[in-house]
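# Close look at the chain arrangement
Below, each chain spelled out in residue letters.
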Amino acid sequence: MEQTVNQMDDTASAYNFAYLDEQTKRMIRRALLKAVAIPGYQVPFAGREMPMPYGWGTGGVQVTAAVIGPQDTLKVIDQGADDTTNAVSIRQFFAKTANVATTEKTADASIIQTRHRIPERELREDQILVYQVPIPEPLRFLEPRETETRKMHALEEYGLMHVKLYEDIARHGHIATTYAYPVMVDDRYVMDPSPTPKFDNPKMDNMAALQLFGAGREKRIYALPPYTKVRSLDFEDHPFEVQSWDDECGMCGARDSYLDEVILDDKGNRMFVCSDTDYCTERQEAGHRGPQHHDQPLGSTKSSPNSEKAAE
Amino acid sequence: MTLNAQTSDLLPGFDHAAFDSNAVFRVLLDAMSRPGRIYDLPVHITAPDGLNASATATLLAMADMDTTIWLSPGCATKAATAHLKFHCGSPITTNVAKADFAVARCDEDLSFITELSVGNAEYPDQSATLILLVDDVSESTEMICRGPGIKDTHNLAVAGLTPAFHAWRAENHHLFPCGVDVIFVTDTKIAALSRTTRIEVK
């Protein structure tokens, strides 16, 4: 790619645009088009070694590298946060190799690479969500042989998955699976939504944005086109439910977002904060306050009845 | 044929290999994930005899030595074959069943489409993609599309589609998850029909 190298900055001239060579990108792009055409089906692809270990998002990075263009703005989140090691290093990787703009704001991003969360803010048609996937095969822990799971998908033989959910009910009285909760895509393929909390599953259904999934170690790509039916598996008498909290976010007072529990000391004090840092920041900027926000009077550990007042 | 004779007539490929192929891919990704919606070709490219600009851009962005191309009699000109061999390095086949990308003009005999690979139940991705050169695509209500990627309905009209093509497309949809995906290309526009798309023909 002599031509490409010539037109790049000196700083990045040792690499092709977005790190991967053009042939690799074409191979991934072909897999992506097939993945979009067969929603929920895992397309094998010739995953490359990336300059980061497996488990750090090599699949998502390869998908992003094949999709990203110079006009894109990239956001990377790890468990909802923009400022964790994994998110920061992947964001810097693309800032360096593709010279693209990066952002921490969900609304400003055209591509969002995510590890295990879907942003709280509703995504738009002009956005692409790229998931990092550790184990793409939802049936893998039930059936270790790839030849068999292929056949099960081909024959739509998903009884085993229902047995697993049933065993949860038999043992715990409810479906105890809380993340990587299996979904049925467009009434055909059972898909692993990656280890996102099941709280995020309903957001996948009929989403306006395109969702792409990359598993680097397992070398699989799959996708959900926009406005695709995604149903979480359940039973008539045990319908699918998402997590809920008695607490609110300690910083912004949100009650509608996914909350992380933070242990504050060894005396049993704890707080809950939004896992989605951008959502929490936006709410705080809009004047929302939770009981543990530094603006709040000291010692107010109980949620304040005025916590929503500032926003009005 | 000497190398000189072969290269002197060659047309240039993309202005910028990385950026242009990315731009074309993004349009194809949008088109395939929103079947029936029409997109503009985002780059300027000269097409060899036998192909049009969007078909050329699609092949240059997606095809390489790993993909076999089949060209219909109307597309398989010397110029087009040489162009694809040089820029993509793709093997060109005369056996339509082996094609990863099959390229044809809409007004030709399309009876070959029944021979295209549809993949198999375990690997439905091992199917062909049909690139169909057409004169015009518009949003008139000739085909009403529903399915994944489509919020309510998308309307698509493609100039010159025959009832036989529509019948094949309907059958192709029923093969899901196997099946052929279709990309319609005019000189300036691109639209796609994924195998998932349900079409009501008016």
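Computed from a predicted structure; not experimentally measured.

### What to know about the overall build of chain B
Counting its regular elements, chain B contains five helices and 10 strands. Its C-alpha radius of gyration of 16 Å places chain B within 12% of the 17 Å reference for a compact globule of 202 residues. Structurally, chain B occupies a C-alpha span of about 55 × 30 × 30 Å along its principal axes. In chain B, 67% of the contacts between residues at least 6 apart in sequence involve partners at least 24 apart.

### Observations regarding the overall build of chain A
Within chain A, the secondary structure is distributed over eight helices and 12 strands. Since a compact globule built from 312 residues should have a radius of gyration of about 20 Å, the 21 Å found for chain A is in line with a globular shape. Summarising its shape, the C-alpha atoms of chain A cover approximately 65 × 55 × 35 Å along the three principal directions. Looking at chain A residue by residue over its 312 residues, the buried ones come to 56%. Counting only contacts in chain A whose residues sit at least 6 apart along the sequence, the fraction spanning at least 24 positions is 60%. Distance between charge centres in chain A, computed from 35 positive and 49 negative side chains, equals 4 Å.

### Digging into the packing of helix α3 (residues 58–67) of chain A against helix α4 (residues 85–97) of chain A
All names here are of chain A. Closest axis-to-axis distance for the α3/α4 pair is 12 Å, and the angle between their directions is 30°. Judged on the interaxial angle alone, α4 and α3 are roughly parallel. In the crossing of α3 with α4, the sense of the turn from one axis to the other is right-handed. Within the contact between the two elements, α3 uses Val-61, Thr-64 and Ala-65 and α4 uses Ile-90, Phe-93 and Phe-94.

### What about the pairing of strand β6 (residues 137–146) of chain B?
All names here are of chain B. Across five bridges, the pairing between β6 and strand β7 (residues 154–158) is antiparallel. Paired with Cys-145 across the bridge in β7 is His-154. Of the strand pairs in this sheet, β6 and strand β10 (residues 198–201) are connected by four bridges, and their pairing is antiparallel. Note that in β10 the partner of Met-143 across the bridge is Val-201.

### A few points about unusual backbone geometry
Excluding glycine, residues mostly carry a negative phi; peptide bonds, for their part, are mostly trans. Residue Pro177(B) follows Phe176(B) across a cis peptide bond; omega there is 5°. Relative to the elements of secondary structure, Pro177(B) occurs in the loop between α5 (163–174) and β8 (181–185). Positive phi outside glycine occurs at Asp186(A), with the angle close to 45°. Note that Asp186(A) resides in the loop between β6 (183–185) and β7 (189–191). Positive phi, normally seen in glycine, also occurs at Asn206(A), with a value near 60°. For Asn206(A), the position within the fold is in the loop between α7 (201–204) and β8 (210–215). Judged by relative accessible area, Asn206(A) falls into the partly exposed class, the value being 47%.

### Considering a negative patch on the surface
A contiguous patch of negative charge, built from Asp107(B), Asp135(B), Asp136(B) and Asp187(B), is present on the exposed surface. Along the polypeptide, Asp136(B) turns up in the loop between β5 (129–133) and β6.

### Thoughts on the sheet that holds β8(B)
The sheet built from seven strands is open, its strands ordered β1-β9-β8-β5-β4-β2-β3 (chain B) with mixed pairing. Either end of the sheet is taken by a strand with one partner, and the two such strands are β1 (39–40) and β3 (92–93) of chain B.

### Side note on the pairing of strand β4 (residues 101–105) of chain B
Residue and element names in this part refer to chain B. Counting buried residues along β4, four of its five residues qualify, which places the element largely inside the surrounding structure. Pairing between strand β2 (residues 69–71) and β4: three bridges, direction parallel. Residue pairing for β4: Ile-69 is matched across the bridge by Phe-101.

### Quick word on the interface of chain B and chain A
Counting residues at the interface gives 44 residues for chain B, matched by 45 residues for chain A. The junction of chain B with chain A conceals about 3,600 Å² of combined surface from both sides, 59% of it contributed by carbon and sulfur atoms. Taken together, the connections running from chain B to chain A amount to four salt bridges. With its nearest N and O atoms 2.9 Å apart, the salt bridge here joins Asp64(B) to Arg26(A).

About the thresholds
- Residues numbered from 1 in each chain as written.
- Chains lettered and ligands numbered in written order.
- Predicted model: local features only at pLDDT ≥ 70, side-chain atom pairs only at ≥ 80, totals over all residues.
- Heavy atoms only, no water.
- Helix = DSSP H or I, 4+ residues; strand = E, 2+ residues; numbered from the N terminus.
- Rg over C-alpha atoms; globule rule 2.2 N^0.38 Å.
- Contact = heavy atoms within 4.5 Å.
- Buried < 20%, exposed > 50% of the residue type's maximum accessible area, 1.4 Å probe, protein only.
- Lys, Arg positive; Asp, Glu negative; His and termini not counted.
- Charge placed at Lys NZ, Arg CZ, Asp CG, Glu CD.
- Axes fitted to C-alpha atoms, helices over the stretch in contact; angles between N-to-C directions.
- Parallel < 35°, antiparallel > 145°, perpendicular 65-115°, else oblique.
- Left-handed = near helix turned anticlockwise from the far one by under 90°.
- Pairing = 2+ DSSP bridges.
- Patch = residues over 30% accessible without salt bridge, like charges linked within 9 Å, V, L, I, M, F, W, Y side chains within 5 Å.
- Areas by Shrake-Rupley, 256 points an atom, 1.4 Å probe, with all protein chains shown as cover.
- Salt bridge = Lys/Arg side-chain N within 4 Å of Asp/Glu carboxyl O.
- Buried area = accessible area lost by both parts, 1.4 Å probe.

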